[in-house]
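# Coordinate analysis (summary)
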Amino acid sequence: MSDYLNIISLIIELFSKERFRHPRIFNRLIVGIIFIFLLIYFYIFGWITSQDRTVMIILFSLIFLYAFIAYKAVNGPIGLSRMKLNEIESVIEQGLSWNRDDLFSKMPIYFIDFTEIYKYKTLQARYFIERNDFKKAYEIYNSIDERKLFKNEKRKLYQNKAFTLIYLGNISKADELLETIKDEKDPMYLMLKSIIFENAGNIDSASKYLQKALNNIPGDDSEINIKFLVYNNFGRIRRIEGNDIDTIYYYRKSVELAKKQKNKQLLHVSYQNLIHSYLLQGEYDKVNEYFEEYQEFIDINILNDLIELYNFIIELDSQKLDFNSLRKNIVDGYFKLRDKIDGIKRLCFDVNALRIMFNANMDLDNVLEEINKNIECYFSIKMPDKYFCFKEIIQVLKEVINYSYYQKFYPLYQKISFYIRNLALPDIENYIDSLKDYEVYERCELEKEKIILIKYCNEIYDFDRLYKNMIDVKDIYGNNGMFIDMIDMDLNIVDECFNACRYVAEHNEPLNKIREHLKLAEDNVSKIKNHPKANEFNLRLAYYFLGLGDKIKAKYYLDKFEVSGVAIANYAFWLQGYYNILKLNL
């Protein structure tokens, strides 16, 4: 009897340890103990005797087999589940996310254990991130039962949540989440903090945290994805700080890691960053060398590969100001990609192609014919894509509809104008009401669209209302740590104030606000150094100072834009218009 009491005492001591009370271990341990007690019970009551050697061997073998499987399954999927999950992960890493709409349509019925479901959900979130659907990714991360995670898994989950929240615009919540797992030795934590500081306009602190992340990455390849992210982001922050040597050095390191990992998304990001940096420095031999190397990884049967390749080729042609090659590649890309896309994706693709062709000053007849033919289908697209498709189309048609060649599209222009003027605003308001509180960026973008529609639809120009709404949006950006977007909003306010001068009888009020917000934008642009958005901001500052008659400052900011080396052909049509006016007047 004392032996049995000792066993019970041992079990009680076992459950007193925190690790063994963890749900993933506790449940398996209970089942194992039940098996052992049943064996003892059968032995005590004589149902199994020491003479039944074969039965004893079989039962003990089954218990040991269960213990082995249970031990392995605690830390991750095993057997058929593991094979299926590896297959799914391979599909994602090959860049096939856009080709496989059905990849996560239904979870396999044999995924029963928590570790299987947990791994499945993390892959599902990765899949949606690759498809730029951060909302779905965040919802999936939120659906994971944190109580069943080990400490390290919980830390990674919080990091993934913070990452998606940053892209959703709820940066303050992302920062709060990171503070609960604060670890100044964890490179992923440090890198995410760096991104938060960059969004807040604090480039020095962003660089400091990335340097810490760099100092703490493992020497081996045990965390190769994290090492890639740190190298790539460090190259990016050094570019913002104006250090070309470091930029190239760390982008090249990220390329080597991407090649070793054979992850398509990492390959696209790293090669494009490196090639673009060489192009800005005028090292065309290196551009050609790495572009040829990059093309070797492109699979024309993978939709995302073709999209990435053609978008990048168009960017390179624009930067080189090679307009003949640009127009040829836009047309080639349009016809090669369109055949691989169907349904709503094709409708949105046509609108995107229309904008690219318009910015490149190309013939729009073919793509407008396709849009016109499918116009009723556009009304079935879900919000907000429906609105943004119509907005892009109407902006182009406004510019070309007065040319006799495009008059045949006037009924199309009227149909979309009716939607914009009468239906778009309630559509946007209803969609905003459906957004979650963490979808800050999308809400702000749609609030800005509401401001445009209020101006466009109302017969009376209400400057005070427009100005108040724009200030409110800027305030939301500020509360959520989106400093870059605050600068953009200040410049939007300046733009609207110039517009107000045509409608408001007393010009002093909008003029005073122009000077106020132009000063705020000017002071803040200097804080973000060579951030990618700084070039656009400098160009806009130049244009607005020219509008105030200050040619000295206008020339100063135009020179800053031009010294960046980024060609104006890379920018939207309206910014190209600003640039042309500046060149004519300075």
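Right above here is the structure, for reference.
The following refers to the structure shown.

Criteria and thresholds
Residue positions are counted from 1 within each chain, in the order its sequence is given. Local features in this predicted model are restricted to residues whose pLDDT is 70 or higher, and side-chain atom pairs enter the listing and the counts only when it is 80 or higher, whereas totals over whole chains, interfaces and linings include all residues. The basis for every side-chain value is the complete set of heavy atoms in the structure, and neither hydrogens nor water enter the calculation. For the purposes of this entry, the term helix denotes a DSSP run of H or I that reaches at least four residues, the term strand denotes a run of E that reaches at least two, and both are numbered from the N terminus. For each residue, the accessible area found with a 1.4 Å probe, counting protein chains only, is set against the maximum for its type, and the residue is called buried under 20%, exposed over 50%, and partly exposed in between. It only takes one pair of heavy atoms within 4.5 Å for two residues to be counted as in contact. Two rings from Phe, Tyr or Trp (for Trp, the six-membered ring) form a pair when their centres sit within 6.5 Å of each other. Planes less than 30 degrees apart are called stacked, planes more than 60 degrees apart edge-to-face, and all others tilted. Placement of a positive charge over a ring is assigned whenever Lys NZ or Arg CZ falls within 6 Å of the ring centre and within 35 degrees of the normal to the ring plane. A side-chain nitrogen of Lys or Arg and a carboxyl oxygen of Asp or Glu constitute a salt bridge if their distance falls within 4 Å. Polar contacts here mean pairs of N or O atoms no more than 3.5 Å apart (in protein, one a potential hydrogen donor and the other a potential acceptor; neighbouring residues in sequence count only if both atoms are side-chain atoms). A helix is expected to span 1.5 Å multiplied by its residue count minus one. An axis is simply a line fitted to the C-alpha atoms; with a helix, the fit covers only the stretch in contact. Between two such axes, the angle follows the N-to-C directions and lies from 0 to 180 degrees. Just so you know how the angles are binned, under 35 degrees is roughly parallel, over 145 roughly antiparallel, 65 to 115 roughly perpendicular, and the rest oblique. It is the rotation of the near helix from the far one that decides the hand of a crossing: anticlockwise by less than a right angle makes it left-handed, clockwise makes it right-handed. Polar here means any residue outside two lists: the nonpolar Ala, Val, Leu, Ile, Met, Phe, Trp, Tyr, Cys and Pro, and the charged Asp, Glu, Lys and Arg; Gly therefore counts as polar. Here, patches come from residues exposed beyond 30% relative accessible area and free of salt bridges, joined within 9 Å for like charges and within 5 Å for nonpolar side chains (Val, Leu, Ile, Met, Phe, Trp, Tyr). Residue burial considers only the protein chains on display, and all accessible areas are found by Shrake-Rupley using a 1.4 Å probe. Defined by distance alone, a disulfide is two cysteine sulfur atoms within 2.5 Å.

### Re the overall build of the chain
- A count of helical and extended segments in the chain gives 29 helices and zero strands.
- Counting only residues that meet the buried cut, the chain has 48% of its 586 residues in that class.
- Long-range contacts, defined as pairs at least 24 residues apart, comprise 62% of the intrachain contacts of the chain with a sequence gap of at least 6.

### Details of the environment of Leu 368
- Following the sequence through the fold, Leu 368 ends up in helix H18 (residues 365–373).
- Distance in space between the C-alpha atoms of Leu 368 and Val 396 is 10.0 Å, their sequence separation being 28 residues.
- Every residue in contact with Leu 368, bar those within four places of it in the chain, is listed here: Leu 354, Leu 397, Tyr 406, Phe 409 and Leu 412.

### Observations concerning the packing of aromatic side chains
- Evaluated as defined, the whole model comprises 41 aromatic pairs.
- Here Tyr 378 and Phe 390 contribute two aromatic rings whose centre-to-centre distance is 6.3 Å and whose plane-to-plane angle is 45°, an arrangement assigned as tilted. In this pair, Tyr 378 is assigned in helix H19 (residues 375–378) and Phe 390 in helix H20 (residues 385–400), connecting sequence segments twelve residues apart. In terms of burial, Tyr 378 and Phe 390 fall into one category: buried.
- Taken together, a centroid distance of 5.4 Å and an interplanar angle of 85° make the contact between Trp 574 and Tyr 578 edge-to-face. In this pair, Trp 574 and Tyr 578 both sit in helix H29 (residues 573–585), four residues apart, roughly one turn of the helix.
- Residue classification places Trp 574 among the partly exposed positions, given a relative accessible area of 41%.
- Looking at Tyr 578, the relative accessible area reads 11%, which means it is buried.
- Within the aromatic cluster, the residues linked to one another by ring pairs are Phe 104, Tyr 110, Phe 111, Tyr 120, Tyr 127 and Phe 128.
- Lying across the ring of Trp 98, Arg 131 places its NZ or CZ 5.1 Å from the centre.
- Its guanidinium or amino end placed over the ring of Tyr 456, Arg 421 lies 4.4 Å from that ring's centre, counting from NZ or CZ.

### Observations regarding the pattern of salt bridges
- This structure, assessed with the given rule, holds 45 salt bridges.
- A salt bridge links Arg 355 to Glu 392; the nearest nitrogen and oxygen atoms lie 3.7 Å apart. Pair noted here: Arg 355 is in helix H17 (residues 343–359) and Glu 392 is in helix H20, with a separation of 37 residues, a long-range link.
- What emerges from the salt-bridge pattern is a single network uniting Glu 445, Lys 448, Asp 488, Lys 533, Glu 536 and Arg 540.

### A look at the side chain of Lys 264
- Mapped onto the fold, Lys 264 is located in helix H13 (residues 264–280).
- A polar atom in the side chain of Lys 264 sits 3.2 Å from the backbone oxygen of Phe 297.
- Once residues lying within four places of it in the same chain are set aside, the contact partners of Lys 264 are Glu 93, Gln 94, Gly 95, Phe 297, Asp 299, Ile 302 and Asp 305.

### As for helix H28 (residues 551–563)
- Between its first and last C-alpha atoms H28 spans 18 Å; for 13 residues at 1.5 Å apiece the expected length is 18 Å, and the two agree.
- Buried positions along H28 lie against helix H26 (508–525), helix H27 (532–547) and H29.

### Considering the side chain of Asn 535
- With respect to the secondary-structure elements, Asn 535 resides in helix H27.
- Its relative accessible area of 13% is what places Asn 535 among the buried residues.
- A distance of 3.4 Å separates the side chain of Asn 535 from the side chain of Ser 564, its partner in a polar contact.
- For Asn 535, the residues in contact, after removing those within four places along its chain, are Phe 561, Ser 564, Val 566 and Tyr 571.

### Details of helix H24 (residues 463–479)
- The end-to-end C-alpha distance of H24, which contains 17 residues, comes to 24 Å, matching closely the 24 Å that a straight helix rising 1.5 Å per residue would cover.
- If you check which residues of H24 are buried, you get Phe 463, Leu 466, Tyr 467, Met 470, Val 473, Lys 474, Ile 476 and Tyr 477.
- The inward-facing, buried residues of H24 abut helix H23 (440–457), helix H25 (483–500) and H26.
- Phi turns positive one or two residues past the end of H24, at Gly 481, with a value near 70°.

### Quick word on the packing of helix H6 (residues 134–142) against helix H7 (residues 151–168)
- Packing of H6 against H7 leaves a shortest axis separation of 9 Å and a crossing angle of 155°. When the axis of H6 is compared with that of H7, the two are roughly antiparallel. Between H6 and H7 lies a crossing whose hand is left-handed. Residue-level contacts link Phe 134, Lys 135, Ala 137, Tyr 138, Tyr 141 and Asn 142 of H6 to Leu 157, Asn 160, Lys 161, Phe 163, Thr 164, Leu 165, Tyr 167 and Leu 168 of H7.
- Here the residues of the contact of H6 with H7 are counted per class, giving nine nonpolar, three polar and two charged.

### Quick word on the packing of helix H11 (residues 224–240) against H13
- Close contact between H11 and H13 brings their axes to 11 Å; oriented N to C, the two are set at 25°. As the angle between them shows, H11 and H13 are arranged roughly parallel. Judged by the sense of rotation from one axis to the other, the crossing of H11 with H13 is left-handed. For the pair H11 and H13, the contacting residues are Asn 225, Phe 228, Asn 232 and Arg 239 in the first and Leu 266, Val 269, Ser 270, Asn 273, His 276 and Leu 280 in the second.
- Here the residues of the contact of H11 with H13 sort into four nonpolar, five polar and one charged.

### What to know about the environment of Asn 480
- Position of Asn 480 relative to the elements: it lies in the loop between H24 and H25.
- Between the C-alpha atoms of Asn 480 and Ala 174, which are 306 residues apart in sequence, the distance is 9.6 Å.
- Residues in contact with Asn 480, not counting those within four places in the same chain, are Gly 169, Asn 170, Ile 171, Ser 172 and Val 440.

### A word on a nonpolar patch on the surface
- Together, Leu 80, Met 83, Ile 109 and Tyr 110 make up an exposed nonpolar region whose accessible area comes to about 470 Å².
- Looking at the secondary structure, you find Ile 109 in the loop between helix H4 (79–93) and helix H5 (114–130).
- Taking relative accessible area as the criterion, Ile 109 reaches 74% and is therefore assigned exposed.

### With respect to the environment of Lys 336
- Tracing the backbone shows Lys 336 in helix H16 (residues 323–338).
- Each C-alpha atom of the pair Lys 336 and Ile 307 lies 9.8 Å from the other, and the pair is 29 residues apart in sequence.
- Within the structure, Lys 336 has its side chain in polar contact with the side chain of Tyr 310 (distance 3.2 Å).

### Quick word on the state of the cysteines
- Counted by the stated rule, this structure contains zero disulfides.
- Between Cys 389, a free cysteine, and Cys 348, which holds the nearest cysteine sulfur, the sulfur-to-sulfur gap is 3.9 Å.
- When its relative accessible area of 6% is taken as the criterion, Cys 389 is described as buried.

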